[in-house]
Amino acid sequence: MWTGGVPNGGDVCITVAGTYSVTLPPGETFAGQLVVGDGADAGQETLVLPGCAPIGDRNRLFVNSLDVAAGGVLDMQEGRNCPGSMPAIFSAVLADSPTSTMTLGGTVIAEPQGGTGVPLYLFAPAITNTGTITDNGILSIDSAEPSMTFDNRGVINGPAFIGLSVPQTGVTFTNEGSIQGAVSYDFGSIGGLSSTVGSTFANDAGGDIGPGGNVNMGIGTTFIQNAGTTSATGEAFLSDGSSLALAGSGSGLFGVFGAVSLTGDVHAGQTVDVFGTSGESGGTCSPVSSTLTAGTSFTNNGTIELRTTGGTACPAQGSALAVPAGDVITNRGIIHAVAGLAPAAGTISATIDNVGGTISVDSGRTLTIGPGSVDNAGTVQLGGPLAVAGDYTQEPSGATSIAVGSQFGTPSVQVTGSVSLAGTLALTSDGVTPPAGSSAVLISAASVTGTFGTITGTDAGNGLEYQLGYSSSAVTATVGSPVPVLTGLAISPAHVALVQGGSAQLLATGTYSDGSVADVTGSVAWSSSNPAVATVSADGLVTGVTPGTTTIA
């Protein structure tokens, strides 16, 4: 056990396999360079900071630099076994001259055995991790300098909810390794940094927020997504007052809680979940309405999901996406209003140019777009209503899919301005057939022009079909028996001989898909292949003109 004093002129090198425990006497112990591990990963050299100190003192180990080499373990504790009357207290290693560094190439373990709830600390203006940091408790990084850097090229793991705590200002954090535990901004920081610049987390090439990993950004901080990834259950959480900068195309999963700003396009493989939450604790509601606001027009090539939760005791909270007035969201990916525990609306304050993308609304949700319009050259899938404060234009390449059946009677597209139609209408059913004769508005607007070029899914079941109707302000669907289709046509007599100037009446008899036969003479188009020989009127009267032969069709 190392109980105090610094041998070898202020440098401490632990390179012989074994476990070494430091219990500091009153006062602060200073060492020049502290090295733990032989660098060869042979054997294991462990330095334990038990987190025990005399009453009124703190267990702080001051060094000029810290090097946890391969094979070395720095075990920081909050009082596992404190001798005598020594209380459990936090451990801290401080290397905080302007040029101090910490290089963590072995293993650093943060253990809260004493249950004090106080973070353990590493103080230095520059920390590089190429080894493994395991946070079973809270490990806080900090510095007495105005700012600091933390470069993770190794692994950060552990089950702790807060995990590695990072100050909200002054920290430049780059991730080129693997995060499999929590990294949280401003939990347990003692505020040594004097910078007023918000901290950043950059997920760079080679970096991954992997299984069990999460990064929790705080007020004024920015998560920068570069070429790094998130995989498995990894996720970044953006809390109220933070920012998301999508600078690169690395895959990512990002949760938005509160008011969060966005810069950059959403890339393929990236998902942004905007959560409106309404929790309850001890009879008190804690609602959060969430809005992701972009500073300018942007393109979505990934997935943006608007979510909401709520219950009977606490009202549901909405989720929103916004850009400045006049700017546009170009959607080539998916924008999805997700079914939640409550029917709170999702809102998009923007004009949407849906270029081959999908806008989807789940049953039980309403998606409101406006101020702004929708130009649909992709797919709009509606299990719940879409309310558009501007205009709704469907291009020839566009498709609108509307769920009918049990939701029959709720206008699926509700437009304040004008609707211009083309392309495809796809009706989908949930297996419930409304009664024959019932009618409902599918699309309502101030004005409706154009018609769908293709309509699919008109079979309502039980031998009934959805029959579409257009008016100047609506598109309606009526449930009725299928309209018989003409399947055959016969003309009698089959041959007619006429004198010049003579005439003969032809009869057209139609056979329909329901087996019925009817006289359709006046409702078909008649023609003569040689009008100079004989003409035919609209009601099938043939009149001879000159000698010859003609075919009447």
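Before reading further, recall that the structure is shown in the block above.
In this convention, every chain numbers its residues from 1, walking through the sequence in written order. Only residues with pLDDT of at least 70 are given local features in this predicted model, and only at 80 or more are side-chain atom pairs given and counted; all residues enter the totals for whole chains, interfaces and linings. Only heavy atoms go into the side-chain values, all of them from the structure, while hydrogens and water stay out.

The helix and strand labels rest on DSSP assignments: H or I over at least four residues marks a helix, E over at least two residues marks a strand, and numbering proceeds from the N terminus. In terms of helices and strands, the protein carries zero helices and 60 strands. Put simply, the protein has 553 residues, and 48% of those count as buried. In the protein, 57% of the contacts between residues at least 6 apart in sequence involve partners at least 24 apart. Only the protein chains shown count as covering a residue, and every accessible area follows the Shrake-Rupley method with a 1.4 Å probe. Accessible area for the protein stands at about 22000 Å²; split by element, carbon and sulfur atoms hold 55% of it. Relative accessible area decides the class of each residue, using a 1.4 Å probe on protein chains only: under 20% of the type maximum gives buried, over 50% gives exposed, and in between gives partly exposed. What makes two residues a contact is simply this: any of their non-hydrogen atoms within 4.5 Å.

What follows covers the pairing of strand 36 (residues 334-337). For a regular strand, side chains alternate in direction, first toward one face of the sheet and then toward the other. Summarising the sheet, strand 33 (residues 303-308) and strand 36 pair through four bridges and their orientation is parallel. Opposite I304, over in strand 36, you have I335 as the bridge partner. Two strands are counted as paired when DSSP detects at least two bridges linking them.

It is worth spelling out the packing of aromatic side chains at this point. Two rings from Phe, Tyr or Trp (for Trp, the six-membered ring) form a pair when their centres sit within 6.5 Å of each other. Planes less than 30 degrees apart are called stacked, planes more than 60 degrees apart edge-to-face, and all others tilted. Tallied over the full model, the rule gives seven aromatic pairs. For the pair F237 and F257, a centre-to-centre distance of 6.1 Å together with 45° between the ring planes defines the contact as tilted. Highlighted residues: F237 in strand 25 (residues 235-238) and F257 in strand 27 (residues 252-257), separated in sequence by 20 residues. The class of F237 is partly exposed, set by a relative accessible area of 25%. Within the aromatic cluster, the residues linked to one another by ring pairs are F150, F173, F201, F223 and F254.

A separate point is the layout of surface pockets. Throughout, the protein atoms alone are placed on a 1 Å grid, and a set of points is a cavity if a 1.4 Å probe fits but cannot get out or a pocket if it is open with protein on both sides within 12 Å along at least five of seven lines; lining residues have an atom within 4 Å of a point. Grid points are joined across faces, edges and corners, and a volume is the space filled by probe spheres set on the points. Its boundaries defined by the atoms lining it, the largest pocket holds a volume of some 440 Å³. Every residue lining the largest pocket is counted, 22 residues in all, and those nearest its centre are V496, A497, V542, T550 and I552.

Salt bridges are defined by distance alone: a side-chain nitrogen of Lys or Arg within 4 Å of a carboxyl oxygen of Asp or Glu. Considering all chains together, one arrives at four salt bridges under this definition. Between D151 and R153 there is a salt bridge, with its nearest N and O atoms 2.7 Å apart. Here E305 and R307 are joined by a salt bridge, their closest N and O atoms 2.6 Å apart. Residue classification places R307 among the partly exposed residues on the basis of a relative accessible area of 25%. One salt-bridge network, in which partners are shared between bridges, spans D151, R153 and E176.

With that settled, consider empty space enclosed by the protein. For the structure shown, the criterion picks out one cavity of 30 Å³ or more. Roughly 50 Å³ of internal volume is contained in the largest cavity. Lining the largest cavity are L382, G383, G384, P385, A403, Q407, T410 and S412. Asp, Glu, Lys and Arg are counted as charged, while Ala, Val, Leu, Ile, Met, Phe, Trp, Tyr, Cys and Pro are counted as nonpolar; the rest, among them Gly, fall into the polar class. For the lining of the largest cavity, a count of residues per class yields three nonpolar, five polar and no charged.

Whenever strands of a sheet pair, they do so through backbone hydrogen bonds, lying parallel or antiparallel. Across the sheet, which stays open at both edges, the three strands sit in the order 55-57-58 with antiparallel pairing between neighbours. This sheet does not close on itself; its edge strands, each paired only once, are strand 55 (486-492) and strand 58 (517-519). Taking the axes of each pair of neighbouring strands and ignoring which way they run, one obtains an average angle of 25° across the sheet. Note that strand 55 and strand 57 (residues 507-512) share six bridges and pair antiparallel. Across the sheet, the residue bridging to I491 is A508, located in strand 57. For every element, the axis is a line fit to its C-alpha atoms; helices are fit only across the contacting stretch, and the angle between N-to-C directions ranges from 0 to 180 degrees.

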